[in-house]
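Survey of secondary and tertiary structure
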Amino acid sequence: MSGHGVYEKLTGDNGVRHRKGEETSDQGSQYGSVVIENEVELKKEVGLIGGISLIVGTIIGSGIFISPKGVLQMTGSVGLSLIVWAGSGVLAMLGSLCYSELGTLVKQSGGEYAYLNEAFGPIVAFLYAWNSIIVIRPSSIAIICLTFAEYVESFFPSCGTPQIPMKIVAAAAIVTLMIVNSLSVKAAARVQILFTAAKLIALGIIIVGGIVKMAQGSTSEFKDSFKGTTKSPSIIALAFYQALWAYDGWNNLNYVTEEIDKPEKNLPRANIIGVALVTVVYVLTNISYLTAMTSAELLKSSAVAVTWGDRVLGSAATILPVAVLFSTYGSANGTVFSGGRVVFVAGRAGHLPEFMSYIHVKLLTPMPSIIFTCSIALIMIGISNISTLVDFFSFTAWLFYGVTVASLLVMRFTKKNEKRVIKLPIVIPILFLLCAIYLVIAPIVEDPQIQFLYAAIFVVGGLVFYIPFVHFKILKIDTITTWLQMFLEIAPSQHMPE
Ligand code: ARG
């Protein structure tokens, strides 16, 4: 069975984890035995609607309120910018089709981590876990919460944009998310559903407002709409980067496969419906922006949704910055919810200290991994800023999306005879892979900055930890594990993926 492969490869025996539990109880921890008797495991609480909310709620965050300006600036024309917005949706859809095949073939949580482990073995999987845990997840949480904080500051225009209070607000947002997600899976899912609904309503207002404006004849921006289009392919790649940040999160449901009810049906459905919904919403929202302001005005606006609100809603305009707060907070919640899962799966497989994979005995949440992911996001907020974080994020994320879809192609050979619920035409993964390669290389060709070298060194830098700690296991952390088990009331999960 594919799920057991992870343990067999890394520990040589599924039972190792259980024996450790018993040892712990010999040492006096009451939780070791609780686990063995009571089957502590994550529940299958995510259904179709929950899955769609997780996808939509994580994807829609800061991007649709920030990126339209950058996309328009780079493409040079309304026509091409709308094509980039729709094209990014198509790319995200290709990605989620590929991930639907992967998620129904390898039915473990952890997304990329699980697929890379199956296709390329533990070292590549470890490098993904390392990059996901240290760069990708925490940097997205940090970027979104910093955007959240910027909008909080927009309520106090006379104060300007001081850095320290902004960072404190962002940190406070992260801490509250850490608490909610550690206390209850249900509460985290409720936050997700509530905030997704709130932001869909807000974007709905923008879309309906746009349709009304169009009916009234505000269509001048769409005439002659390709005038001024850029001719540079690498600038177009950068425009895609901007829009793709807004679409990022399309892969998030695959992190929680083991918590999805009937994953073979609900995972692909939620993936496809979620991304399609977001694409339609994003394209219509962009059209609406341009019915209320000219492209020159959009380029001058620092917060496009706020400008739109001022023009169209008049005195009700404050509703929009509030909506942006809901939107970003909900997106960060989705990222914490799923990001913690990668740590959980990597810890369970022995790639991180084992206690990372434990779940709380009463609350049934993967508390240690949530605390770990959020703590790194807090450090990033302390030492970095949005644009540096976005550079690091995009490069590393697209590198691994590419490698993961390559794993799909590899498994077409290595798991030739395994029954597949979904088997895509081979051109889909190939097309996605080519786009990912282009997206990783184009910005470096356009502007070879030292950051990309740092990011590349970081990608393989994880090996420095892999060899001594994972391969040779030179550090014994049993004592810390026992102590943390008692302190956090956590225990190993008995759940074995199928
Ligand atoms: N698309 C989101 C936004 O516009 C960012 C999502 C970050 N990535 C993630 N996996 N949560 O802000």
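Scroll up to find the structure.
Everything in this summary refers to the structure shown in the same document.

On to the environment of F126, then. Position of F126 relative to the elements: it lies in helix α8 (residues 122–153). We classify F126 as buried; its relative accessible area is 5%.

The full count for this structure, using the stated rule, is six salt bridges. A salt bridge links R412 to E101; its shortest N-O distance comes to 2.8 Å. One end of the pair, R412, is in helix α17 (residues 386–414); the other, E101, is in helix α6 (residues 78–105), with 311 residues separating them in the sequence. For the pair shown, R412 and E101 are each scored as buried. Across the pair D261 and K262 runs a salt bridge whose closest N-O atoms are separated by 3.9 Å.

With that settled, consider the packing of aromatic side chains. Summed over all chains, the structure comprises 15 aromatic pairs. Considering the side-chain rings of W85 and Y282, the 5.6 Å spacing of their centres and the 90 degrees angle between planes classify their relative orientation as edge-to-face. Of this pair, W85 sits in helix α6 while Y282 sits in helix α12 (residues 263–292), placing them 197 residues apart in sequence. Here W85 matches Y282 in class, with each residue buried. When the centroid spacing of 4.9 Å and the interplanar angle of 90 degrees are considered together, the rings of W398 and Y401 count as edge-to-face. Of this pair, W398 and Y401 both sit in helix α17, separated by three residues, roughly a single helical turn. Since its relative accessible area comes to 4%, Y401 is described here as buried.

What surrounds the ligand is a group of 13 residues, the closest being I59, S62, G63, W245 and T335. Side-chain polar atom of T335 to a nitrogen atom of the ligand: 2.6 Å apart, as the coordinates give it. Protein burial of the ligand: of its 340 Å² of free accessible surface, 99% is covered by the chains. Taken together, the elements giving at least two residues each to the shell around the ligand come down to α4 (48–59), α8 and α11 (233–247). Across the shell around the ligand, the residue classes break down as three nonpolar, eight polar and two charged.

One non-glycine residue, D224, adopts positive backbone phi at about 55 degrees. Position of D224 among the secondary structure elements: in the loop between α10 (185–215) and α11. Using a relative accessible area of 59% as the deciding quantity, one classes D224 as exposed. The phi angle at K262 is positive, at roughly 45 degrees, despite the residue not being glycine. By the element assignment, K262 lies in the loop between α11 and α12. For K262, a relative accessible area of 45% translates into the label partly exposed.

Thresholds, definitions, all that
- Residues numbered from 1 in each chain as written.
- Predicted model: local features only at pLDDT ≥ 70, side-chain atom pairs only at ≥ 80, totals over all residues.
- Heavy atoms only, no water.
- Helix = DSSP H or I, 4+ residues; strand = E, 2+ residues; numbered from the N terminus.
- Buried < 20%, exposed > 50% of the residue type's maximum accessible area, 1.4 Å probe, protein only.
- Salt bridge = Lys/Arg side-chain N within 4 Å of Asp/Glu carboxyl O.
- Phe/Tyr/Trp six-rings, centres within 6.5 Å; stacked < 30°, edge-to-face > 60°.
- Near = heavy atom within 4 Å.
- Polar contact = N/O pair within 3.5 Å; in protein donor to acceptor, adjacent residues only side chain to side chain.
- Areas by Shrake-Rupley, 256 points an atom, 1.4 Å probe, with all protein chains shown as cover.
- Nonpolar A, V, L, I, M, F, W, Y, C, P; charged D, E, K, R; others polar.

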